[in-house]
Amino acid sequence: MITHVPDMTFKTRVRDDSIGGDNPFTWYDLTTDELFANKKVVVFSLPGAFTPTCSTSHLLVMKRFIMSLKH
């Protein structure tokens, strides 16, 4: 079992209303330490996120899996 999430930086988009327009988002660097420090976490990913197959099949299986972890 891995006991430490590797140090990395996620490139995220954050709403910034000062930008205005149709796409009021700016890039923000978010580190694994900011997200996971001093927490017990399970990290997983979805193959082909936001594709039709993922949305109708994979995502539902993951949702059931997550619910089983909460119990």
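Reading the values: rules and limits
Residues numbered from 1 in each chain as written. Predicted model: local features only at pLDDT ≥ 70, side-chain atom pairs only at ≥ 80, totals over all residues. Heavy atoms only, no water. Helix = DSSP H or I, 4+ residues; strand = E, 2+ residues; numbered from the N terminus. Contact = heavy atoms within 4.5 Å. pLDDT = per-residue confidence, 0-100. Phe/Tyr/Trp six-rings, centres within 6.5 Å; stacked < 30°, edge-to-face > 60°. Lys NZ or Arg CZ within 6 Å of the ring centre and 35° of its normal. Salt bridge = Lys/Arg side-chain N within 4 Å of Asp/Glu carboxyl O.

Undergrad: Whenever I open this one, the environment of Phe10 confuses me. Can you help?
TA: Its place among the elements puts Phe10 in strand β1 (residues 9–15). Sequence separation of Phe10 and Thr31 is 21 residues, and the distance between their C-alpha atoms is 6.0 Å. Excluding anything up to four places from it in sequence, Phe10 contacts Tyr28, Asp29, Leu30, Thr32 and Leu35.

Undergrad: Before we go on, may I ask you to explain the confidence of the model for the protein chain in this structure?
TA: For residues with low pLDDT, the predicted coordinates do not support detailed interpretation. Counting all residues, the mean pLDDT for the protein chain is 82, and 80% of those residues have values of 70 or more. Averaged over each element, pLDDT in the protein chain is lowest for helix α2 (residues 52–70) (73) and highest for strand β2 (residues 25–31) (94).

Undergrad: Would you explain the packing of aromatic side chains in this entry?
TA: The full count for this structure, using the stated rule, is zero aromatic pairs. Taking NZ or CZ as reference, Arg13 lies 4.7 Å from the ring centre of Trp27, over its face.

Undergrad: Explain the pattern of salt bridges to me, please; I cannot follow it from the model alone.
TA: Working definition: two side chains of opposite charge can pair if their charged atoms are close together. By the definition in use, this model includes two salt bridges. Arg15 is the salt-bridge partner of Asp17, the closest N and O atoms lying 3.6 Å from each other.

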